[in-house]
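Structural overview for review
Listed below are the residues making up each chain.
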Amino acid sequence: METQSSPKALTKLKSSCRSTELVLCCTSLLVMILLLFHLRTSFNSSFSYSRTSSASRAFLIKWKGLAIDSSSSSAQDHSKNTEALISKLRDSVTFLPLKDLRFVETAMLGHTWFISSMNDTHEENEAEHLYFPSEASKGRLLCMKGRNKEDGTKNSYAFAWPESLPESATLLKGLTFVSDTYYDYKNLWHGLTAMAPFVSWSIKNGCLRPNRWLLFHWGELRDQMGSWLYHLMQANFGEVEIVGFEAGANGPYCFEKAAVMRHNEGSMGKARKLQVFDLLRCKARGFCSINPAGKGQEFNEKGQPIIRLTLLMRRGSRSFKNATAVTEIFAKECAMVDGCVLKVVQSEDLSFCDQVKVMTGTDVVASPHGAQLTNMLFMDRNSSVMEFFPRGWLELAGVGQYAHHWMADQSGMRHRGAWWDPLVQEECPTPHNDLECFKFYKNGQVGHNETYFAEWARSILNQVRISKLEQATRSRSNLGACVC
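Along each chain, residues carry numbers from 1 onward, in the same order as the chain's sequence is written. Selection of residues for local features in this predicted model requires a pLDDT of at least 70, selection of side-chain atom pairs for listing and counting requires 80 or more, and totals for whole chains, interfaces and linings are taken over all residues. As a rule here, side-chain values come from all non-hydrogen atoms in the structure, and water together with hydrogens is ignored.

1. Describing helix 7 (residues 323-335)
Spelled out, the test is: Secondary structure elements follow DSSP: runs of H or I of four or more residues count as helices, runs of E of two or more count as strands, with numbering from the N terminus. Residue count minus one, scaled by 1.5 Å, sets the expected span of a helix. Note on exposure labels: buried denotes an accessible area under 20% of the residue type's maximum, exposed denotes more than 50%, and partly exposed covers the range between, all computed with a 1.4 Å probe on protein chains only. Residues count as neighbours in contact if any of their non-hydrogen atoms are within 4.5 Å of one another.
Taking 1.5 Å of rise per residue, the 13 residues of helix 7 would be expected to cover 18 Å, and the 18 Å separating its terminal C-alpha atoms lies within 8% of that figure. Turning to helix 7, its buried residues are Ala325, Val326, Ile329, Phe330, Glu333 and Cys334. Taken together, the buried residues of helix 7 touch strand 9 (307-313), strand 10 (340-346), strand 11 (364-368), strand 12 (384-389) and helix 12 (450-471).

Right, dumping it as structure tokens:
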């Protein structure tokens, strides 16, 4: 018996098929939407801020999980897919010139020409800085390669996730301090202003100490600090290891954690600078086994406060033309003040700890302009500074001549003014070129004016005597344990 499908039955069957197809289509679309949402969530979460590699690891795990959920291939295939993804991320790491010549005219402004693709982190009263890994770096580490000491454009940097470091990369564990300065690490003043931000950052972050230092000048590698700066950092942080990178090493170096400073003191507030210099003073005294207890409250048999006046001399450029005459002037004025004790020292002959000891025992320092005046750091707060300049500086040196005025203010000292050797007669061979004329006068010696020096010394010693008598009635506030 043959059966024939009626038109109604056929229509019903087609309708049923279409409904099934629609359900399957909607279900597939929903799955795809959920899958894409999950993928996006996984990708975003993988770049959340973390100071470890957990975020980037989660990124790879979730990618792997998605591949397993959406495919029926074997576990071996999944592993190969993950490795392929890591390989692609590794290949995507791009090294850029450490010194970006596009910003040569604004080398110390904005994000600077050093690691120019990353903007600074700004925090109130703190120096601008970069930190890796961070939210700003999307969890990536800082990597560097090249050891050129003459051209910063031949050294380079890149950012990479911990699981996809560049081929042949060496991962340096722990915390690395990376510094780039426009000046140098040999000069006391320039070196101190480059290192102060790291001390500040350390204080803010629980007194963290670096495992190593990486130093640059204009993106050019530097493998050492000056002796004075080295010992100051050693006093504050412990052993100082400066990375020079191995000669002939082909692979880049990546840093598990890195704090980068490229503005020197930058936007550090005055209160923070005072805290930094207080800590450095405290640490240096401890490092050199110097106990300042009782200083500032010393009196002679007549009940007059002891005032320790130090002439901090230098040789060569910007030294006194007649150091003997200058010494005699100050010795005469000191002898006229009960309790005044004069010491004359040659800065070049002093070790680091000798300098700390001399300046710890100084209430008034008188010295020509120069790096040796950076040692005012080791005097007690409210100590006094007298500064002397050669001819031509007042007229031609610009704002740089006020560096020790600024330091005195930042470290809690009192800069009692300066004396500029007068430029009575123009001797510069190119009088219409200020820069060339400054170079002509820059390293000249400092003359003296007996009347002015005597009256100035007399006035300062009297002010210090009065201040010490007032201090005797108050407890000292800047002694005690170091902050770190």
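2. Considerations on the nonpolar core
The criterion, for reference: Only buried Ala, Val, Leu, Ile, Met, Phe, Trp, Tyr and Cys residues count toward a nonpolar core, and they belong to the same one when joined by side-chain atoms within 4.5 Å.
Counting residues in each nonpolar core, the largest one holds 54 residues, and the members touching the most others are Met195, Trp213, Met225, Leu232 and Met233. Listing elements by their share of this core, those giving two or more residues are strand 5 (170-181), helix 4 (188-204), strand 6 (212-217), helix 5 (227-237), strand 8 (253-261), helix 6 (270-287), helix 8 (352-360) and helix 10 (403-411). Ranked by residues supplied to this core, first place goes to helix 4 with 10 residues. Here Leu232 is in contact with Leu192, Leu280, Ala284, Phe352, Leu377 and Phe378, once residues within four sequence places are set aside.

3. Things to note about the pairing of strand 8
Two faces make up the sheet, and in a regular strand the side chains alternate between them. Just so we agree on the cut-off: Between any two strands, pairing holds if DSSP finds at least two bridges.
Most of strand 8 sits inside the fold, with seven of its nine residues counted as buried. Where strand 2 (residues 130-132) lies against strand 8, three bridges are found, and the strand directions are antiparallel. Looking at the pairing, Leu130 lines up with Val260 of strand 8. With three bridges joining them, strand 3 (residues 141-145) and strand 8 adopt antiparallel strand pairing.

4. Overview of the confidence of the model for the chain
The line we're drawing: For every residue, the predictor states its confidence as a pLDDT score lying anywhere from 0 to 100.
This prediction gives the chain a mean pLDDT of 85; 82% of its residues lie at or above 70. Per-residue pLDDT stays below 50 along residues 1-18; that stretch engages in zero contacts with residues further than four places along the chain or on separate chains. Counting interchain partners and residues more than four positions distant, the pLDDT-below-50 stretch residues 33-53 has 30 contacts.

5. Let's talk about the packing of aromatic side chains
Threshold: Each Phe, Tyr or Trp ring (for Trp, its six-membered ring) is paired with any other whose centre lies within 6.5 Å, and the angle between the two planes then decides the class: stacked below 30 degrees, edge-to-face above 60, tilted in between.
Inspection of the entire model under this criterion finds 30 aromatic pairs. Residues Tyr157 and Phe159 carry aromatic rings whose centres are separated by 5.5 Å and whose planes lie at 55° to one another, so their mutual orientation is tilted. Of the two residues examined, Tyr157 and Phe159, each falls in the buried class. The interplanar angle of 90° and the centroid separation of 5.8 Å between the aromatic rings of Phe177 and Trp201 together place this pair among those described as edge-to-face.

6. Some remarks on the pairing of strand 10
Basically, it comes down to this: A right-handed crossover is one whose linking path, passing over the helix from the first strand to the second, runs clockwise when the strands point away from the viewer.
In terms of strand pairing, strand 9 meets strand 10 through seven bridges, oriented parallel. When the bridges of strand 10 are listed, Leu309 appears paired with Leu342. The parallel pair strand 9 and strand 10 is bridged by helix 7, and the resulting crossover is right-handed.

7. Structural notes on the environment of Lys186
Mapped onto the elements of the fold, Lys186 is located in the loop between strand 5 and helix 4. Measuring from C-alpha to C-alpha, the distance between Lys186 and Met225 comes to 5.8 Å, with 39 residues separating the pair along the chain.

8. Structural notes on the packing of helix 4 against helix 6
Applied cut-off: Axis lines are fitted through C-alpha atoms, for helices just across the contact stretch, and the angle between N-to-C directions can take any value from 0 to 180 degrees. An angle below 35 degrees is read as roughly parallel, one above 145 as roughly antiparallel, one from 65 to 115 as roughly perpendicular, and any other as oblique. Just so you know the grouping, Ala, Val, Leu, Ile, Met, Phe, Trp, Tyr, Cys and Pro go in nonpolar, Asp, Glu, Lys and Arg go in charged, and all remaining residues, Gly too, go in polar.
Look at helix 4 against helix 6: their axes get within 9 Å of each other, and the N-to-C directions meet at 95°. Our classification of the angle between helix 4 and helix 6 gives roughly perpendicular. Between helix 4 and helix 6, the residues in contact are Leu192, Ala196, Val199, Ser200, Ile203 and Lys204 and Arg272, Gln275, Val276, Phe277, Leu279 and Leu280, respectively. Across the contact of helix 4 with helix 6, the residue classes tally to eight nonpolar, two polar and two charged.

9. Some remarks on the side chain of Gln355
Convention followed: In protein, a polar contact means a hydrogen-donor-capable atom and an acceptor-capable atom, both N or O and within 3.5 Å, with residues adjacent in sequence counting only if both atoms are side-chain atoms; elsewhere, any N or O pair within 3.5 Å suffices.
Turning to its location among the elements, Gln355 is positioned in helix 8. For Gln355, a relative accessible area of 10% translates into the label buried. A polar contact of 2.7 Å, which involves the side chain of Gln355, links it to the side chain of Asn375.

10. Side note on helix 8
Working note: α-helix, 3.6 residues per turn, so residues spaced by three or four point in the same direction. Of the residues making up helix 8, those classed as buried are Phe352, Gln355, Val356, Val358, Met359 and Thr360. Against the buried residues of helix 8 lie helix 4, helix 5, helix 6, strand 9, strand 10 and strand 11.

11. Some details on the state of the cysteines
Filter applied, for reference: Whenever a pair of cysteine sulfur atoms sits within 2.5 Å, that pair is classed as a disulfide.
Applying the stated criterion across every chain, the model contains six disulfides. Between the sulfur of Cys207 and that of Cys484 lies a disulfide, 2.0 Å long from S to S. An S-S torsion of about -75° defines the bridge between Cys207 and Cys484 as left-handed. One end of the pair, Cys207, is in the loop between helix 4 and strand 6; the other, Cys484, is in the segment after helix 12, and 277 residues separate them in sequence. With relative accessibility at 29%, the residue Cys207 sits in the partly exposed group. By relative accessible area, Cys484 is classed as partly exposed at 28%. The disulfide bridge from Cys334 ends at Cys340, spanning 1.9 Å between sulfur atoms. The chirality of the disulfide connecting Cys334 with Cys340 is left-handed, given an S-S dihedral of about -110°. Accessibility assignment for this pair places Cys334 and Cys340 in one class, buried. Sequential numbering of the bridged cysteines in the chain gives the disulfide pattern 1-3, 2-12, 4-11, 5-8, 6-7, 9-10.

12. Digging into the environment of Met144
Relative to the helices and strands, Met144 resides in strand 3. Each C-alpha atom of the pair Met144 and Cys254 lies 6.4 Å from the other, and the pair is 110 residues apart in sequence. Setting aside residues no more than four positions away along its own chain, Met144 makes contact with Phe95, Leu98, Phe114, Ile115, Ser156, Tyr157, Val178, Leu214, Phe216, Pro252, Tyr253 and Phe255.

13. Notes on the sheet that holds strand 9
Read across the sheet, five strands follow the order 10-9-11-12-13 without closing on themselves; strand pairing throughout is parallel. Each edge of the sheet is formed by a strand with only one pairing partner; in this case those strands are strand 10 and strand 13 (414-420). Shown here is a sheet whose adjacent strand axes are inclined to one another by a mean of 15°, direction ignored. Running at roughly 170° to strand 13, helix 10 makes contact with strand 12 and strand 13 of the sheet.

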